[in-house]
Amino acid sequence: MRIAHSSFTRTLVTLVVSGCIGGNGSGLAGIAGGTGSTGSHTPASLFFFVQPNSANVGQAITPPVQVAAKDSLGAIDTLFTGSVTISVSSNPTGAALSGTKVVRAVTGIASFGGLSLDKAGTYTLQASTSGVTPVISNPFPITTATGP
């Protein structure tokens, strides 16, 4: 079947090309646009790339908790280099969170090494950055170390 050229076909081609080439971003799926390395780029959302795991009281949570930025397509927003803040969200024991709590993302991922809590209990963490709804981690236990 042969399709005749028409003004409809030209309009459709123009719309497709304009959507792929014009505007902010590369036009390629998974490649985010934005302001680059200035840190002012706002991602679509955050998520826990590495969830917090159980640890003993006062010991670092390993592996390090990682929070990543997502672009509007759900891929890691590698252009995001802004600061991410982490805090205790659910804190039934009043535990103190130790470690570096504000980290600048590198290629869209903020790594929080050395986080620890000073009381046994089950907790959740909250990660936030400017202009984005905060995200809450899965619950995780902090336990008291027992001797041999």
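Residues numbered from 1 in each chain as written. Predicted model: local features only at pLDDT ≥ 70, side-chain atom pairs only at ≥ 80, totals over all residues. Heavy atoms only, no water.

Caption draft 1: Geometry of the overall build of the protein. A tally of helices and strands in the protein yields one helix and eleven strands. Burial statistics for the protein: of 148 residues in total, 28% are counted as buried. Looking at the protein alone, contacts between residues at least 24 apart form 58% of all its contacts between residues at least 6 apart. Only carbon and sulfur atoms are counted for the fraction: they give 58% of the accessible area of the protein, which is about 8500 Å². (Helix = DSSP H or I, 4+ residues; strand = E, 2+ residues; numbered from the N terminus. Buried < 20%, exposed > 50% of the residue type's maximum accessible area, 1.4 Å probe, protein only. Contact = heavy atoms within 4.5 Å. Areas by Shrake-Rupley, 256 points an atom, 1.4 Å probe, with all protein chains shown as cover.)

Caption draft 2: Region of the structure containing the packing of aromatic side chains. Scanning the model with the defined rule gives two aromatic pairs in all. Judged by centre distance (6.1 Å) and plane angle (75°), the rings of Phe47 and Phe49 are edge-to-face. Here the aromatic rings of Tyr123 and Phe140 are separated by 6.4 Å at their centres, their planes lie at 45°, and the arrangement is tilted. Here Tyr123, found in strand β9 (residues 121-128), pairs with Phe140, found in strand β11 (residues 140-143); they are 17 residues apart in sequence, far enough to count as distant. With respect to burial, Tyr123 and Phe140 carry one shared label: buried. A cation over a ring is seen here: Lys70 above Phe47, with NZ or CZ 5.1 Å from the ring centre. (Phe/Tyr/Trp six-rings, centres within 6.5 Å; stacked < 30°, edge-to-face > 60°. Lys NZ or Arg CZ within 6 Å of the ring centre and 35° of its normal.)

Caption draft 3: Representation of the environment of Ser45 in the model. Its location among the elements puts Ser45 in strand β1 (residues 45-50). Remark: the alpha-carbon pair of Ser45 and Pro134, spanning 89 residues in sequence, is separated by 8.3 Å. Aside from chain neighbours lying at most four places away, what touches Ser45 is Ala68, Ala69, Lys70 and Val132.

Caption draft 4: Broad picture of the sheet that holds β1. In space, the three strands of this open sheet follow the order β1-β3-β7, with antiparallel pairing throughout. Pairing within the sheet leaves two strands with one partner each, and these edge strands are β1 and β7 (109-112). Neighbour-to-neighbour, the strand axes of the sheet open up by a mean angle of 25°, direction not taken into account. The pairing of strand β3 (residues 65-70) with β7 spans four bridges and is classified as antiparallel. Note on β7: the bridge partner recorded for Val67 is Ala110. (Pairing = 2+ DSSP bridges. Axes fitted to C-alpha atoms, helices over the stretch in contact; angles between N-to-C directions.)

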